[in-house]
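What follows is the residue order along each chain.
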Amino acid sequence: MAKLKSLEKWREETFEEPGPSMRVVYKWANEGHIPGARKIGGLWFVDPDKIKQTTGNPLVDKVLQAS
């Protein structure tokens, strides 16, 4: 398992400036739109390995995340 990245660092690496605000990114994470995002002790983190495993098909991605 790779090291978890903070949601802020993931946002900086994923989007060019101006990217979405942190408020929007937190909302996406809370709603489950960011694969591998999880809240640990009040802080959000992203698992980079989970993002690499996405296919682009929401149904297939949910099945893969469940396994």
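Thresholds, definitions, all that
Residues numbered from 1 in each chain as written. Predicted model: local features only at pLDDT ≥ 70, side-chain atom pairs only at ≥ 80, totals over all residues. Heavy atoms only, no water. Helix = DSSP H or I, 4+ residues; strand = E, 2+ residues; numbered from the N terminus. Buried < 20%, exposed > 50% of the residue type's maximum accessible area, 1.4 Å probe, protein only. Contact = heavy atoms within 4.5 Å. Pairing = 2+ DSSP bridges. Arc of directions from axis to C-beta.

1. Comments concerning the overall build of the chain
If you tally the helices and strands in the chain, you get four helices and three strands. For the chain, the α and β elements follow one another from N to C terminus as β-α-α-β-β-α-α. Residue burial in the chain is summarised as follows: out of 67 residues, 22% are buried. A sequence separation of at least 24 residues applies to 40% of the contacts in the chain between residues at least 6 apart.

2. Looking at the sheet that holds strand β3 (residues 43-46)
Whenever strands of a sheet pair, they do so through backbone hydrogen bonds, lying parallel or antiparallel. The three strands are arranged β1-β3-β2 in an open sheet whose pairing can be described as antiparallel. Unpaired on one side and paired on the other, β1 (5-6) and β2 (37-40) mark the two borders of the sheet. Note: β1 against β3, two bridges, orientation antiparallel. From the neighbouring strand, lysine 5 faces β3, where its bridge partner is valine 46.

3. A few points about helix α2 (residues 22-31)
All of the buried residues in α2 are Met22, Val25 and Ala29. When α2 is viewed along its axis, its buried side chains cluster within an angular range of 60° and face the same direction. Residues Arg23, Lys27 and Asn30 are exposed on α2 and point more than 90 degrees away from its buried face. Lining the buried residues of α2 we find α1 (7-14), β2 and β3. Once α2 ends, the next one or two residues include glycine 32, with phi positive near 85°.

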